[in-house]
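# Coordinates in review
What follows is the residue order along each chain.
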Amino acid sequence: MSLPVPSTTAPSAADTVTHPARAVVDLSAIRHNLGVLAAAAPGAQVMAVVKADAYGHGLLPVARAALAGGASWLGVAQLAEALELRAGLDAASTGTSAAALAGTAADGTAAAVRPRILTWLFAPGAPLGRALEADLDLSASAPWAVEEIAAAARATGRTARVHLKVDTGMGRGGARPEAFGDLLDAASRARAEGTVDVVGIWSHLACADEPDSPVTAQQTAVFAAALEQAERAGVRPEVRHLAASSGTLFHPSTHFDLVRPGIAVYGLTPAPGIAGSAQLGLRPAMRLEARLTVVKPAPAGTPLSYGHTARTTTDTYIAVVPLGYGDGVPRAASDRGPVTVAGRRLHVAGRVCMDQVVVDLGPRGAGVREGDVAVLFGDGAAEPSADDWAEACGTINYEIVTRLGARVPRVHVDPEARP
Ligand SMILES: Cc1ncc(COP(=O)(O)O)c(C=O)c1O
């Protein structure tokens, strides 16, 4: 084997101090995507769903960018996420007192309004008093939840803002339609004692990413019936909401007063079978990249990585990309996950390890150096997309970005920031 050994080079643009990989998150793309979503649902408010660390993109920077982009609500699943979000946003509002954030400054003038935060997953016994003190909106799917919220309101002296959830056909959270009357009754009792305001009625769509499915229309009809039932019970919520990204982008009849997009906020299509990100006008916000730690020649027939599932077929160069399943790279990407190095589309060769993957650079790899940047996914044009990874791994783009581990530094950039 006579291939020369490439030498190392100076640090590249992806230089990081303690981890040779990073996820670069473009906050201007987040703002742009909010604009696309708002335009898709004119007349509706937008709740940016930022659960699971903003789908792996970094909770607080993304939440702030989403608000700057036009979201007036933020949504998270778990109470802990909501508390972290409120504390982080409040801390960033330097010089703004809690009273001012609540809507009225000490001198009586209008003041900065705190963004509304809805949280919808908690089990009995959760510290709901803390939720009320943090000015969170809470979801209730059953009478026990309303009763616990009311008890927390009594204990804290606050009135709770509650969104009643109806299961219109998702078959997950929410009161089934035949039990919605009981939920309304519990809410009406709490309203009567002044502990609860029913500010929302909501549900979630199961098949909005399948254009031909009749389920979306069926769920919308069940939702409309639940709204009428609430109206008859004297409950008139401030917001009715049903649509996530697919509903927002593909089903205008599901928009109501508020839409709750998640994946599209991050520039990823909720339905690659219907339209890709670019077709929808969305800009993927995250690029996962790493600096090569090893580049070396490998003769034809060299076995690669654990289990020797791959072998080089020619005299070639191989490179080590320092990202593995310990960083959230799915092991299912073994032998297939796409990787771009020096503008060339390659793929993972052999098994994904905990901390690294191997890429066969081919005989032309002679020009590649340690420290050069490999991109696993990014814009979906010159770089592979999260959808390419999802397809390679038999999963969805949601899982590709959300499972990215805490070990990978998130670097937030804002190329279109106003000076
Ligand atoms: C209740 C609820 N609303 C909205 C969303 C956002 O969904 P998507 O990411 O498909 O827009 C989710 C995410 O799963 C959700 O659970």
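The rules behind the values
Residues numbered from 1 in each chain as written. Predicted model: local features only at pLDDT ≥ 70, side-chain atom pairs only at ≥ 80, totals over all residues. Heavy atoms only, no water. Near = heavy atom within 4 Å. Polar contact = N/O pair within 3.5 Å; in protein donor to acceptor, adjacent residues only side chain to side chain. Nonpolar A, V, L, I, M, F, W, Y, C, P; charged D, E, K, R; others polar. UniProt positions renumbered as here; feature names shortened; annotations may be inferred. Helix = DSSP H or I, 4+ residues; strand = E, 2+ residues; numbered from the N terminus. Buried < 20%, exposed > 50% of the residue type's maximum accessible area, 1.4 Å probe, protein only. Contact = heavy atoms within 4.5 Å. Phe/Tyr/Trp six-rings, centres within 6.5 Å; stacked < 30°, edge-to-face > 60°. Lys NZ or Arg CZ within 6 Å of the ring centre and 35° of its normal. Core = buried A, V, L, I, M, F, W, Y, C linked by side-chain atoms within 4.5 Å. Domains from an automatic or database assignment. Pairing = 2+ DSSP bridges. Axes fitted to C-alpha atoms, helices over the stretch in contact; angles between N-to-C directions. Buried area = accessible area lost by both parts, 1.4 Å probe. Salt bridge = Lys/Arg side-chain N within 4 Å of Asp/Glu carboxyl O.

## Observations regarding the site of the ligand
Taken together, 14 residues lie around the ligand, and Lys51, Tyr55, Ser245, Gly262 and Tyr398 are the ones closest in. At 2.5 Å from an oxygen atom of the ligand is found a side-chain nitrogen or oxygen belonging to serine 245. A distance of 2.8 Å separates an oxygen atom of the ligand from a polar backbone atom of isoleucine 263. By residue class, the composition of the shell around the ligand is eight nonpolar, three polar and three charged.

## Regarding the UniProt feature "modified residue: N6-(pyridoxal phosphate)lysine" (unreviewed entry) in the protein
Taking the numbering used here, the UniProt-annotated feature "modified residue: N6-(pyridoxal phosphate)lysine" (unreviewed entry) corresponds to Lys51. With respect to the helices, strands and loops of the structure, lysine 51 is situated in helix 2 (residues 51–56). For lysine 51, a relative accessible area of 28% puts it in the partly exposed group. The contact partners of lysine 51, leaving out residues within four places of it in the chain, are Gly75, Val76, Ala77, Glu81 and Trp120.

## With respect to the packing of aromatic side chains
A complete count under the given rule lists five aromatic pairs for this structure. Aromatic side chains tyrosine 55 and tyrosine 266 sit 4.8 Å apart centroid to centroid with 25° between the ring planes, which places their arrangement in the stacked category. Residue tyrosine 55 is located in helix 2, and its partner tyrosine 266 is located in the loop between strand 9 (258–259) and strand 10 (286–291); the two are separated by 211 residues in the primary sequence. Judged by its relative accessible area of 8%, tyrosine 55 falls in the buried class. Pairing phenylalanine 122 with tryptophan 144 gives two aromatic rings, centres 6.1 Å apart and planes at 85°, and the pair type is edge-to-face. Here phenylalanine 122 is found in the loop between strand 4 (116–121) and helix 6 (128–133), whereas its partner tryptophan 144 is found in helix 7 (residues 143–156), with 22 residues between them in sequence. Look at phenylalanine 122 and you get buried, because its relative accessible area is 16%. Accessibility expressed as a relative area gives 35% for tryptophan 144, which makes it partly exposed. The aromatic ring of tryptophan 202 is capped on one face by lysine 165, whose charged end is 4.2 Å from the ring centroid.

## Section: the nonpolar core
Counting 119 residues, the largest nonpolar core has Ile30, Val50, Leu164 and Trp389 as its most contacted members. Residues from two domains meet in this core; each of domain 1 (27–266) and domain 2 (285–413) gives at least three.

## Notes on unusual backbone geometry
For phenylalanine 256, which is not glycine, the phi torsion reads 45° and is therefore positive. The exposure class assigned to phenylalanine 256 is partly exposed, which follows from its relative accessible area of 23%. The phi dihedral of alanine 342 is positive, around 50°, even though this residue is not glycine. Tracing the chain through its elements places alanine 342 in the loop between strand 15 (338–341) and strand 16 (344–347).

## Focus on the sheet that holds strand 17 (residues 357–360)
Backbone-to-backbone hydrogen bonds pair the strands of a sheet. The strands run either parallel or antiparallel. Across the sheet, three strands lie side by side as 11-14-17; this open sheet has antiparallel pairing. The outermost strands of the open sheet, each flanked by one partner alone, are strand 11 (294–298) and strand 17. On average, each strand axis in the sheet is inclined to that of its neighbour by 25°, with strand direction left out of account. Bridge analysis of strand 14 (residues 316–321) against strand 17 gives four bridges, and the strand direction is antiparallel. Paired with valine 321 across the two strands is valine 357, which belongs to strand 17.

## Observations concerning the domain arrangement of the protein
For the protein, the assigned domains are domain 1 (27–266) and domain 2 (285–413). Using C-alpha coordinates to define each centre, domain 1 is positioned 38 Å away from domain 2. Every contact between the two is made by 12 residues of domain 1 and, on the other side, nine residues of domain 2. Across the domain 1/domain 2 interface, buried area totals approximately 950 Å², and carbon plus sulfur atoms make up 64% of it. Here domain 1 is connected to domain 2 by zero salt bridges. Connecting domain 1 to domain 2 are four residue pairs in polar contact (both at pLDDT 80 or more). Listed by contribution, the elements that provide at least two residues to the side of domain 1 that touches domain 2 are helix 1 (27–40) and helix 2. Broken down by element, the residue count for the side of domain 1 that touches domain 2 peaks at four residues, all from helix 1.

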